[in-house]
Amino acid sequence: MATHRNDGIAGGAGRRGASAHGYQGRAARIGKSGWSGLLACTAIAGALAGSACSSDPDPGGTGGTGGMAASSGSAGGGGATTATGAGGEGGGGDVTPVMPDIHPEVFGTFDTSELTVFAFSQVEVHQADPQVIELAPDMVPRAWQRWRDTGIQADDYDAEYLASCRERGIRFVAGSTASIVFEDEVDSEEQFLEQTTRNAAGELVAHDQIVPGAHRSSMASPSYRARLVEMGKLQIDLGVDGLNFDEINGGYGGAEYDGNEGFDDHHVADFGNYLCRRHGGRPDGWQKGFDLLPEDGLDCGGAPETAGRGFDFRGYLQRVNATAKPFDSGNKLLVEEWGRTVGNRPDPQLGTFVEVYPALVYWQEVVLELRRYAREQHGREIFISSNGIVPFVDLQSVGLYDWNIDGDGPRGMNWVPVVEGHLDGTVSFQTALRGLKARSKRVQELVGGKEVPLMLFLDWPNDMMNRYYGLPLEERKDYFRIFAAEVYANGLYFALPLHTTTDESTATALEMMEFFARFRDFYKSHEDLVHGATDVTGPVTLSFEECASAEQPEACAGEKKMSHNLVRLADGRTVLHVINHEYSAGVVEQAGVTVSFPVDASPTQVTVASIDFEEDRVVPFSYEDGVVTAEIGALPASIAIVAE
C-alpha cells in the first residue's frame, strides 16, 4: 500500500480499493498453544516489558491467557535489555538508550543470490495471474496479501496458482497488511477494540480515506501480533516461499497525518515502562523535567518488566493541553521521548519510543516466531520482507510513491518524472538510490544484521503509478531502459509491474509483456554483473565525438546528462555502468563514446553489454598506469562495460 507524507512525516494514508470478496469467513480462533510458547507469563529475552497475563484477552477470544498484558512481549530466550533498569543503581543523570536484545534466530538465511528479476503482481488470494506464469521471474514479492476477512482460511487461496509458480521456479511471496484492521474481520467487538489503536483522547481513529471501515491496528497489542503470526503460519503451511508485511509502523500517523495516533492502552503501558528503563535509575528528579506529577501514575519502582505500566499518559496529555493536536504543543515528553516515525522508514537509531518499539520489539517478535515455525515445522527457511526499509528482513521491498522522504522535491523523490504527460529521462535516480542503500545498511548494522538486497516497485494506488500508466508505450519502455537500468547499475533491483488489485492496467493491457520478456532475458543472462558487486571509487572519464579534440575531454561528461557507477565483482572483474540521460521524446543515442576508468591490471578483454544490443560487443582498449581506456562507440540508454 502506498503511504503519504505530510510536512515530512508519513501518515500512512494511501487509498486501497478493496475489491468485492467472495469470502465472508471469520478468522479461525487462535489457540493458546501456538502463542504461549513465545509469550509466556515471564520475562523473555529482548522483552522490554512484561506483566501478569490475566488482563489481556485471548487472541482467539476464548478467554484465559493469551500473552503479556499491554506489553511488548518481545522475542527471545533469556537475557535483559541493555537499557538501565528501572530503579537501578547509579545513573548519575546519564541516560542509556533503551535498546532490546536482538535474538540471533531472527535473521534469515534465505539464499538471495539467484534473485535477479522480480515482477510485481498482486491479485486476490483466490485468483491467479497468468502473466506471472508467462514471464517466470525469479520472485513475485507480494503475490497474495491477506486483507480484511479474505485470506484467513486455507481454502480462501488458489493453491493451483502457487503450485504452478513453484513448477516454473518462481519464488512465491504472500503476506498480510500489518497495520489495517476492520471490525468485520475479527470475532467480536471486544477483539476489535483490543487490536485497534487510539488518538490522544483515547478515541478510535477512522481511516476511511483508505477504504470505509478501515482502522489502524495496534502493533503493541499481543493479540494483534498473534493474528499476524497465525496468518503467516497458515500461508507457510500452504507452501509459500516468503511473507511480506505491509506498513509495520503505519499506526502512528493520525487521521490528519499529524501524529495523533498510537495512544492505545498497550502502547501507553509500554511507553511508561520505556521511560522507567530509560530514566528510572537517575537520581536527579527527571520526572519534574517532563512536568510529570504523582497523579500521572508513572511509578518506576518494582521489577524492571512491570515498572511504569500504570502511567496515565493520555491523562497527562490532557492535563498539559496536548490532546487535540499533540505535537503542536511542543511537549518535551511527547517530542523527545515518544517521538514520531515515518511510515515504512522506521529509524531506531533515533532512540524514541515509536522508532524503537515498532521496529525492534513488535516486528522482531513476529519475524522470530515465523522463522522458528518454518524451521521447526517445515524444515526450511522462510523469506521475510516488508514495505520500505526495516530490520530483520531478507530483502528490502521499497514501494515508490509520492510524499516520500527519499528526495528533496515538494512530494519527495519523483520516481516517475513526467513533463506534460511525457517521460523526463533527463533526471537521475542515483543520489536517491545511494541514500536508500545507505539507510538500509545503517538499519541492518544497528541490529547486527548483514546487508540485504533492495528491490524497488511502483506502489499503488497513487499518482506515481498513474503517471506511469499514462505514458505512451515507447516511453514506458524507456522508463525501464533508463531508470530500471540505473537501479541495477547501483546494485538494487526493480520489480516489473504486472498487476494490482485496484485497476485493469495490467502489463498485457499496456502491451508491455514482450518488452518485459526481453528485460528478463537480458538481466538473467547478465546476472553475474549484478550479484556480489562492490562500489569502488576512482576517476572515471567519459568523452564524446564532438568533444574528442578538447584539451580536457573529461569536461564532456559535464556537458552531457549521464550517470555512472563503477563496481568490482567478486571474481575481480571491474564493471563501469553508464546511463544515458540525454532524452527528448526518446533516448538521444550518443556516438563516438570513449571511457576511461581504473582497474588493477591490464584486461584481457573489454566487452560492452546493453539491453539495447542484440549481443555483447568486444571493443578496442588500451591500458596505461592502472587505467583502461575503451572505445565504446554508440551509447544507447545504458551500457555495462566489463574489463575482464
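Residues numbered from 1 in each chain as written. Predicted model: local features only at pLDDT ≥ 70, side-chain atom pairs only at ≥ 80, totals over all residues. Heavy atoms only, no water.

Here we look at the packing of helix α5 (residues 265-279) against helix α9 (residues 353-378)
Two elements in contact, α5 and α9, have axes separated by 11 Å at closest approach and are oriented at 105 degrees. As judged from the angle between their axes, α5 and α9 are roughly perpendicular. The segment α5 lies against α9, with His267, Asp270, Phe271, Asn273 and Tyr274 engaging Phe353, Tyr357 and Tyr362. Each residue belonging to the contact of α5 with α9 can be placed in one class, and the counts come to five nonpolar, two polar and one charged. (Axes fitted to C-alpha atoms, helices over the stretch in contact; angles between N-to-C directions. Helix = DSSP H or I, 4+ residues; strand = E, 2+ residues; numbered from the N terminus. Parallel < 35°, antiparallel > 145°, perpendicular 65-115°, else oblique. Contact = heavy atoms within 4.5 Å. Nonpolar A, V, L, I, M, F, W, Y, C, P; charged D, E, K, R; others polar.)

Points about the state of the cysteines
Note on terminology: disulfide describes a covalent bond linking the sulfur atoms of two cysteines. Taken as a whole and judged by the stated rule, the model has one disulfide. In this model, cysteine 276 is linked to cysteine 300 through a disulfide, with the two sulfur atoms separated by 2.0 Å. On the S-S bond that ties cysteine 276 to cysteine 300, the torsion sits near -80 degrees, and the link is left-handed. You can see cysteine 276 sitting in helix α5 and its partner cysteine 300 sitting in the loop between α6 (286-289) and α7 (313-319), a full 24 residues away along the chain. Cysteine 300 shares its class with cysteine 276; the two are buried. (Disulfide = S-S within 2.5 Å. Buried < 20%, exposed > 50% of the residue type's maximum accessible area, 1.4 Å probe, protein only.)

Describing the packing of aromatic side chains
Scanning the entire structure with this criterion turns up 45 aromatic pairs. Between tyrosine 468 and phenylalanine 480, the ring centres sit 5.8 Å apart and the planes meet at 90 degrees, which makes this aromatic pair edge-to-face. Of this pair, tyrosine 468 sits in helix α11 (residues 463-469) while phenylalanine 480 sits in helix α12 (residues 473-489), placing them 12 residues apart in sequence. Judged by relative accessible area, tyrosine 468 falls into the buried class, the value being 1%. With a centroid separation of 5.5 Å and 85 degrees between ring planes, the pair formed by tyrosine 488 and tyrosine 493 is classed as edge-to-face. (Phe/Tyr/Trp six-rings, centres within 6.5 Å; stacked < 30°, edge-to-face > 60°.)

Observations concerning helix α2 (residues 159-167)
Among the residues making up α2, those that are buried are Tyr161, Leu162 and Cys165. Buried residues of α2, viewed axially, fall in a sector of 100 degrees; they line one side. Opposite its buried face, α2 presents the exposed residues Ala159, Glu160 and Glu167, each directed more than 90 degrees away. As for α2, its buried residues are in contact with β3 (118-121), α1 (130-135), β5 (171-177) and α4 (222-238). (Arc of directions from axis to C-beta.)

A closer look at the pairing of strand β17 (residues 562-568)
Among the seven residues of β17, six are classified as buried, and the element is accordingly described as predominantly covered. Of the pairings in the sheet, the one linking strand β15 (residues 534-535) to β17 comprises two bridges and is antiparallel in character. Bridge pairing in β17 places threonine 534 opposite arginine 568. Where β17 meets strand β18 (residues 574-580), seven bridges bridge the pair, whose relative direction is antiparallel. Bridging from a neighbouring strand, methionine 562 pairs with asparagine 580 of β18. Between the antiparallel neighbours β17 and β18 lie five residues, among them glycine 572 with a positive phi of about 100 degrees. (Pairing = 2+ DSSP bridges.)

Remarks on unusual backbone geometry
Cis peptide bonds are those with omega within 30 degrees of zero, and the linkage from tryptophan 460 to proline 461 qualifies with -10 degrees. Relative to the assigned elements, proline 461 resides in the loop between β13 (454-458) and α11. Although it is not a glycine, glutamate 511 adopts a positive phi angle of roughly 60 degrees. Of note, glutamate 511 is situated in the loop between β14 (493-499) and α13 (513-525).

Details of the packing of α12 against α13
Contact geometry for α12 and α13: axes closest at 11 Å, N-to-C directions at 25 degrees. On the basis of their axis angle, the class for α12 and α13 is roughly parallel. In this structure, α12 crosses over α13, and the sense of that crossing is right-handed. Where α12 approaches α13, its residues Lys477, Phe480, Arg481, Ala484, Ala485 and Tyr488 are matched on the opposing element by Phe515, Phe516, Phe519 and Tyr523. Looking at the contact of α12 with α13, its residues break down into eight nonpolar, no polar and two charged. (Left-handed = near helix turned anticlockwise from the far one by under 90°.)

Remarks on the sheet that holds β18
Strand order in the open sheet made by the six strands is β15-β17-β18-β24-β20-β21, with antiparallel pairing throughout. Edge positions in the sheet fall to β15 and β21 (617-618), since each has one partner strand and no second. Docked against the sheet, α12 engages β17, β18 and β24 (638-643), running at close to 155 degrees with respect to β18.

A closer look at the nonpolar core
Membership of the largest hydrophobic core comes to 137 residues, with the highest contact counts inside it found for Phe313, Trp415, Leu456, Tyr468, Phe480, Phe494 and Phe516. Top element by residues in this core is α9. It accounts for 15 residues. Setting aside chain neighbours within four positions, we find phenylalanine 516 in contact with Leu135, Tyr468, Phe480, Leu496, Pro497, Leu498 and Ala507. Judged by nonpolar contacts, the second largest core, of 22 residues, contains Met562, Leu576, Val619 and Ile632. (Core = buried A, V, L, I, M, F, W, Y, C linked by side-chain atoms within 4.5 Å.)

A word on the pairing of strand β19 (residues 590-598)
Bridge count for strand β16 (residues 541-543) against β19 is three bridges, and the pairing is antiparallel. When the sheet's bridge partners are listed, serine 543 is paired in β19 with threonine 594. Bridge count between β19 and strand β23 (residues 627-635): seven bridges; the pairing is antiparallel. Pairing of valine 593 across the sheet is with glycine 633, part of β23.

Quick notes on the pattern of salt bridges
Using the criterion set out here, one finds 38 salt bridges in the structure. A salt bridge links aspartate 246 to arginine 142; the shortest N-O distance between them is 3.7 Å. Here aspartate 246, found in strand β8 (residues 242-246), pairs with arginine 142, found in the loop between β4 (139-140) and α2; they are 104 residues apart in sequence, far enough to count as distant. Each member of the pair, aspartate 246 as well as arginine 142, is classed as buried. The residue arginine 481 makes a salt bridge to aspartate 612 at a minimum N-O spacing of 2.8 Å. Highlighted residues: arginine 481 in helix α12 and aspartate 612 in the loop between β20 (606-609) and β21, separated in sequence by 131 residues. For arginine 481, a relative accessible area of 17% corresponds to the buried category. (Salt bridge = Lys/Arg side-chain N within 4 Å of Asp/Glu carboxyl O.)

What about the environment of glycine 301?
Within the secondary structure, glycine 301 is located in the loop between α6 and α7. Under the relative-accessibility criterion, glycine 301 is labelled partly exposed at 38%. A sequence separation of 20 residues divides glycine 301 from glycine 281, and the C-alpha atoms of the two residues are 10.0 Å apart.

Thoughts on the sheet that holds strand β22 (residues 621-624)
A sheet is described by the order of its strands in space; here four strands give the open sequence β16-β19-β23-β22, paired in antiparallel fashion. Each having just a single partner strand, β16 and β22 make up the two edges of the open sheet. Going across the sheet, the axis of each strand differs from the next one's by a mean of 20 degrees, ignoring polarity. Here four bridges tie β22 to β23, and the two strands are oriented antiparallel to one another. In the sheet register, serine 622 faces β23, and the bridge partner there is threonine 629.

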